[in-house]
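Below are the chains, spelled out letter by letter.
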Amino acid sequence: MPVVVVESPAKAKTINKYLGPDYTVLASYGHVRDLPPKDGSVDTEHDFEMKWEVGYDSRKHVKAIADALKDDNELILATDPDREGEAISWHLEETLRKRKAIKKDTPVSRVVFNAITKAAVTEAMQNPRQVDAPLVEAYLARRALDYLVGFNLSPVLWRKLPGARSAGRVQSVCLRLIVEREMEIEAFTPREYWSLKALLATPRGQEYEARLTVLAGKKLEKHDLENKTQAELAVQAVSSRDLKIASVEAKPANRNPSAPFMTSTLQQEASRKFGMGARQTMSAAQRLYEAGRITYMRTDGIDMAPEAVTAARDAIKDRYGDEYVPKSPRMYKNKAKNAQEAHECIRPTDMTRDAAALKITDADQRKLYDLIWKRTLACQMEAARLERTTVDIASDDGQVGLRATGQVMLFDGFMRVYEEGRDDVASGGDDDSRLPQIMQGEAAKFGKASLYEQFRKAEGATEDAVIEASGNPAGEMRSCDAAILAANEAVLGLQHHTQPPPRYTEATLVKRMEELGIGRPSTYASIVTTIQDREYVSKDKNRLIAEDKGRIVTIFLMNFFRKYVGYEFTANLEEDLDKVSAGNADYKAILAGFWRDFSAAISETSELRITEVLDVLDDALAPTLYPPREDGTDPRACPLCGTGQLHLKTSRTGGFVGCGNYPECRYTRPIGGDAADGGDRVLGEDAGDEISLRSGRFGPYVQRGEATEENKKPKRASLPKGWQSDDMDLEKALTLLSLPRELGEHPDGGMVSTNFGRFGPYIMHKGPEDAKPVYANLKDPNDVFDVGMNRAVELLAEKRANPGGRGRAAAKPLKELGEHPENGGPVSVMDGRYGPYVKWEKVNATLPKDTEPADMTMEIAVALIAEKAAKKGKGRKKPAAKKAAPKKPAAKKPAKKPAKKKAATK
């Protein structure tokens, strides 16, 4: 009975269902070996020999496979069909041969399938092969490079930049993209410009809008109206002229569907439509693949198997009719340079079943499957047919010209099912509007409706800014800082400002990496995740923001290892590695060439002192750290003491700017802050002490006095959430410095006080019999100063009554479903802080989105409980006891990664 090995227990379960009892299917739980995180794991002196080590958590899985081979003398390696999967198969075979678990007469074969379906698995079993040596060599080259960069460069960072975590061959280049975008944003200077639109009407009274395109007989470019004066003249020029229709042009247009998903486009679209991160997307896709619902999810390919194309066309015909099926199938060609990454596109394994038919309970999986299913069907559907109309309007003297555009959908085609999202869409387009019937040569009168509401709602044009019409002489324009309205209220000028380039989302970052040839489908998610885990980058509203620590690391690498964070160098190295996987290059020659130059750069930098490194970085960052001041004074002069010079400094938490007169002057501010913007200043005096507002590495704070030999740590207080530096005055500062605020004696004894803590505002009380204080959270920061004793006593009583909860009484079920049909115990639907959930014993499972508690049934509840319990390693254990053999105990725990690598990271 052959032993079949795959990566995960979920995949093993699905395959076992197709192969039946004649096969033993076991899981390796990912990679079983890795390079130990110590010096010498890649021996550069002996032809880059690599010393592998079986991970502690992997030993039991390897043993289970070896034990199974004692009785079943055939091994089939069925890991994923990519480079990583090939590497896992190679590691398994090598490890088992070293254990002598594979005998001389043991047949070892490799099978691959792009989808976990019965047909695909059966066909793969009929076409075995050997492990692909070039693919394995490509893996070895990448792993060695990542080790050499990470293990040699990361210690340099640790020594030269306290607080830096690691560097990686691809990770650092990805970080550079984000840091450079942040610096572009900071260096950006907004440019004012104005646009003009008019409300016009046909002779039949139908109104439409048009924008100004010609002024003074010349074509008007987007930024030509540079200021309010020019805009006022333009509004006057349009509103004072008679207009007529110069031309009407209607053109048919087709919109074709997007290609089916590959890894990068799936990550981008999931981010656009659902805000899902790359790791979250790949995790959901992995589970869908292992359940046999989609094809393999790590691919650069967009082609589709002929049988899948036929199935998609049949499904479209059945659901939407013949008119939605094109005469011939749509063919998509792979763009991947590396054929080993270009598997079939990501598509459903069964085109006839949508997300509703599969009854997928996990929200992420359901959304992602729905996205993949719709995109796949759409890519084989007819194009959408549109009619786009352009109307040009002109004055008799040719001095003024306007244009109105619109479009009409004639046939929705693929758009009935799906339309691709877009990144950073600019507002203001009117192509989707529908124009009334307009005839060439007819007059274009100004509309009777007023653009007043648009004027009022324009940027900055509030009610208070409007000059009332009753106060205007006839013909006078109404005006404010952001808009100009003609007297007839049918011509409107609007102020705009150019915008800086947007910060990357995970979607746009992956897209940019793909464009530059950095990384590969199997690495996108891990790279984006790593730079966030290292705290080099943070995410806010789905946008990636470079942290100070990330800036310092990037500037360091750009100054001392510029070649190795170069986009072109990294992309060329990826191409060389692709040649290895195609069997067209020697991976050891690539390693030798890389190591020769890289090791020399490491040696040179290792000899530098930290002060020398900081001086170089200080100069490199000078335009950002010390921009010119409006008053012309020295931008490096300390704004607090006035005599010291500002310098770049480092700490465990990252870089910051500090005064050179330390410790006499303790002025600091973040790298991203500016002394002028931060408002560091003296607020006044109290009891002989100077009260000042300062910017620190953790945000703004107020301080009483200066540090002295007698008082090395003067009293400080951070500004609470919601408090702005610009609004701070002496009174507010003294209020903060007076904390904690004592409310008085508790009725049971002991002082009650309020303050701000690590987790926000709170009330504290320690009674005579309390071993430790009791803390009750306050919702509003202002409550620290306003809350009274009565309310404080109530909150403390609630906290004591429910110390581990959220201050609420025991919740009552929204719906009681009865006893669990298999394991017993009541199953109920409860109301939780984050929405309704199903509760059974210690398992709480959140209800899927759009599912009402009243609609919950026992069947759905049991499925949700089982899924949640499986994630937590809990659940029903009785069925598991029926199966013998060592494989089942290993299936209790989720897959664990090999021993943690501190330096060798991508």
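No experiment lies behind these values; they were computed from the predicted model shown.

Rules used throughout
Residues numbered from 1 in each chain as written. Predicted model: local features only at pLDDT ≥ 70, side-chain atom pairs only at ≥ 80, totals over all residues. Heavy atoms only, no water. Helix = DSSP H or I, 4+ residues; strand = E, 2+ residues; numbered from the N terminus. Buried < 20%, exposed > 50% of the residue type's maximum accessible area, 1.4 Å probe, protein only. Contact = heavy atoms within 4.5 Å. Phe/Tyr/Trp six-rings, centres within 6.5 Å; stacked < 30°, edge-to-face > 60°. Lys NZ or Arg CZ within 6 Å of the ring centre and 35° of its normal. Patch = residues over 30% accessible without salt bridge, like charges linked within 9 Å, V, L, I, M, F, W, Y side chains within 5 Å. Areas by Shrake-Rupley, 256 points an atom, 1.4 Å probe, with all protein chains shown as cover. Salt bridge = Lys/Arg side-chain N within 4 Å of Asp/Glu carboxyl O. Lys, Arg positive; Asp, Glu negative; His and termini not counted. Charge placed at Lys NZ, Arg CZ, Asp CG, Glu CD. 1 Å grid on protein atoms, 1.4 Å probe; cavity = no way out; pocket = protein on both sides within 12 Å on 5 of 7 lines; lining within 4 Å. Points joined across faces, edges and corners; volume = space filled by probe spheres on them. Nonpolar A, V, L, I, M, F, W, Y, C, P; charged D, E, K, R; others polar. pLDDT = per-residue confidence, 0-100. Pairing = 2+ DSSP bridges. Core = buried A, V, L, I, M, F, W, Y, C linked by side-chain atoms within 4.5 Å. Expected span 1.5 Å × (residues − 1). Axes fitted to C-alpha atoms, helices over the stretch in contact; angles between N-to-C directions. Disulfide = S-S within 2.5 Å. Parallel < 35°, antiparallel > 145°, perpendicular 65-115°, else oblique. Left-handed = near helix turned anticlockwise from the far one by under 90°.

What to know about the overall build of the protein
Along its length, the protein carries 26 helices and 35 strands. By residue count, 49% of the 906 residues in the protein fall in the buried class. Considering only contacts within the protein whose residues lie at least 6 apart along the sequence, 67% involve residues at least 24 apart.

Here we look at unusual backbone geometry
A cis amide bond links Leu 739 with the next residue in sequence, Pro 740, at an omega value of 5°. Summarising the element assignment, Pro 740 is placed in the loop between helix H22 (730-737) and strand S28 (741-745). Phi at Glu 535 takes a positive value of approximately 65°, unusual for a residue other than glycine. As for its position among the elements, Glu 535 is in the loop between helix H15 (524-533) and strand S19 (537-540).

Structural notes on the packing of aromatic side chains
Applying the stated criterion to the full structure yields 18 aromatic pairs. Both rings, one in Phe 556 and one in Phe 561, keep their centres 6.2 Å apart while their planes meet at 50°; by these two values the pair is tilted. Accessibility assignment for this pair places Phe 556 and Phe 561 in one class, buried. Within the aromatic cluster, the residues linked to one another by ring pairs are Phe 556, Phe 560, Phe 561, Tyr 564, Phe 569, Phe 594, Trp 595 and Phe 598. Of note, Arg 33 hangs over the ring of Trp 90, and the distance from its end group to the ring centre comes to 5.3 Å. In this structure, Arg 181 is placed above the aromatic ring of Tyr 504, and the distance from its NZ or CZ to the ring centre is 4.4 Å.

Re a negative patch on the surface
A cluster of acidic residues, Asp 726, Asp 727, Asp 729 and Glu 731, forms a negative patch on the protein surface. With respect to the helices and strands, the residue Asp 729 is situated in the loop between strand S27 (716-718) and H22. Judged by relative accessible area, Asp 729 falls into the partly exposed class, the value being 33%.

Things to note about the environment of Val 238
Structurally, Val 238 is set in helix H7 (residues 228-239). Residue classification places Val 238 among the buried residues on the basis of a relative accessible area of 0%. Sequence-wise, Val 238 and Leu 402 are 164 residues apart; in three dimensions their C-alpha atoms are separated by 9.1 Å.

Examining the pattern of salt bridges
Counted under the stated rule, the structure contains 41 salt bridges. Notably, a salt bridge pairs Lys 273 with Glu 269, separated by 3.7 Å at the nearest N-O pair. With Lys 273 and Glu 269 both in helix H8 (residues 263-274) and four residues apart, the pair spans about one turn of that helix. Three or more residues joined by partner-sharing salt bridges are found here, namely Arg 142, Asp 146, Arg 169, Glu 574 and Asp 578.

Details of empty space enclosed by the protein
Enumeration over the complete set of coordinates arrives at four cavities of 30 Å³ or more. By volume, the largest cavity amounts to about 70 Å³. If you trace the largest cavity, you find it lined by Val 149, Leu 153, Gly 168, Arg 169, Ser 172, Tyr 564, Val 565, Phe 594 and Phe 598. Looking at the lining of the largest cavity, the elements with two or more residues in it are helix H5 (133-160) and helix H18 (587-606). Partitioning the lining of the largest cavity into residue classes produces six nonpolar, two polar and one charged.

Observations regarding the confidence of the model for the protein
Residues at a pLDDT of 70 or more form 88% of the protein, whose mean pLDDT is 84. Below a pLDDT of 50 lies the segment residues 458-476, which in the model reaches 28 contacts outside its immediate sequence neighbourhood of four places, other chains included.

Quick notes on the pairing of strand S13 (residues 384-395)
Two faces, one strand: in a regular strand the side chains alternate between the faces of the sheet. Pairing geometry for strand S12 (residues 243-255) and S13, over 12 bridges, is antiparallel. Across the sheet, Glu 249 pairs through a bridge with Thr 390, a residue of S13. Pairing between S13 and strand S14 (residues 400-411): 10 bridges, direction antiparallel. When the bridges of S14 are listed, Glu 387 appears paired with Val 408.

As for the nonpolar core
Residues Leu 153, Leu 509, Phe 556, Phe 561 and Phe 598 are the most contacted members of the largest nonpolar core, which totals 83 residues. Not counting the four nearest positions on each side in its chain, Phe 556 is found in contact with Val 156, Leu 157, Lys 160, Leu 161, Phe 561, Thr 605, Val 613 and Leu 617. Core analysis: the next-biggest nonpolar cluster, separate from the first, contains 63 residues, Ile 76, Ala 124, Tyr 320 and Ile 372 among them.

Topic: helix H3 (residues 83-98)
When the terminal C-alpha atoms of H3 are compared, their 23 Å separation across 16 residues agrees well with the 22 Å that a helix rising 1.5 Å per residue should span. Counting buried positions over the 16 residues of H3 gives 12, a clear majority of the element. Within H3 the residues assigned to the buried category are Arg 83, Gly 85, Glu 86, Ala 87, Ile 88, Ser 89, Trp 90, His 91, Leu 92, Glu 93, Thr 95 and Leu 96. Immediately downstream of H3, the backbone of Lys 100 shows phi near 60°, a positive value.

A short note on the sheet that holds strand S29 (residues 751-757)
Note on sheets: strands pair through backbone hydrogen bonds, and any given pair is parallel or antiparallel. The strand order across the open sheet built from four strands is S28-S29-S30-S31, with neighbouring strands paired in antiparallel fashion. Strands with a single pairing partner mark the edges of an open sheet, and in this sheet they are S28 and strand S31 (774-777). Averaged over all pairs of adjacent strands, the angle between strand axes in this sheet comes to 25°, irrespective of strand direction. Where S29 and strand S30 (residues 760-765) come together, six bridges link them in antiparallel fashion. Each residue of the ladder has a partner; that of Val 752, found in S30, is His 765.

Overview of the environment of Ala 124
Topologically, Ala 124 is positioned in helix H4 (residues 118-125). Each C-alpha atom of the pair Ala 124 and Val 112 lies 5.9 Å from the other, and the pair is 12 residues apart in sequence. If we skip the residues at most four places from it in the chain, Ala 124 touches Val 111, Val 112 and Phe 113.

Quick word on the pairing of S12
Pairing geometry for S12 and strand S15 (residues 443-446), over two bridges, is antiparallel. The residue bridging Leu 243 from the neighbouring strand is Ala 444, located in S15.

Side note on the sheet that holds strand S1 (residues 3-6)
If you walk across this open sheet you meet the four strands as S2-S1-S7-S8, and the pairing is parallel. Across the chains shown, the open sheet's two edge strands, defined by having one partner strand only, are strand S2 (24-27) and strand S8 (108-110). Across the sheet, the mean angle separating the axes of adjacent strands is 25° when strand polarity is ignored. Bridge count between S1 and strand S7 (residues 75-77): three bridges; the pairing is parallel. Note on S7: the bridge partner recorded for Val 4 is Ile 76. Contacts between H3 and the sheet are confined to S1, S7 and S8, with S8 contributing the most and set at about 170° to the helix.

Considerations on the state of the cysteines
For the coordinates displayed, the defined rule picks out zero disulfides. Take Cys 659: it sits in no disulfide, and the sulfur closest to it among the cysteines is that of Cys 641, at 3.7 Å. With relative accessibility at 2%, the residue Cys 659 sits in the buried group. Unpaired in terms of disulfides, Cys 665 finds its nearest cysteine sulfur in Cys 638, a separation of 3.7 Å. A relative accessible area of 5% places Cys 665 in the buried class.

Topic: the environment of Gly 441
Within the secondary structure layout, Gly 441 lies in the loop between S14 and S15. By relative accessible area, which is 52% here, Gly 441 ends up exposed. In the structure, Gly 441 is positioned 197 residues away from Lys 244 in sequence and 6.2 Å away in space, judged by C-alpha atoms. Leaving out residues up to four positions away in the same chain, Gly 441 has contacts with Lys 244 and Ile 245.

Here we look at the packing of H8 against helix H9 (residues 278-290)
In contact at an axis separation of 9 Å, H8 and H9 are set at 115° when each is read in the N-to-C sense. Put simply, H8 runs roughly perpendicular to H9. Of the two possible hands of crossing, H8 and H9 adopt the one that is right-handed. Side by side, H8 and H9 meet where Thr 263, Leu 266, Gln 267 and Ala 270 of the first sit next to Ala 278, Thr 281, Met 282 and Ala 285 of the second.

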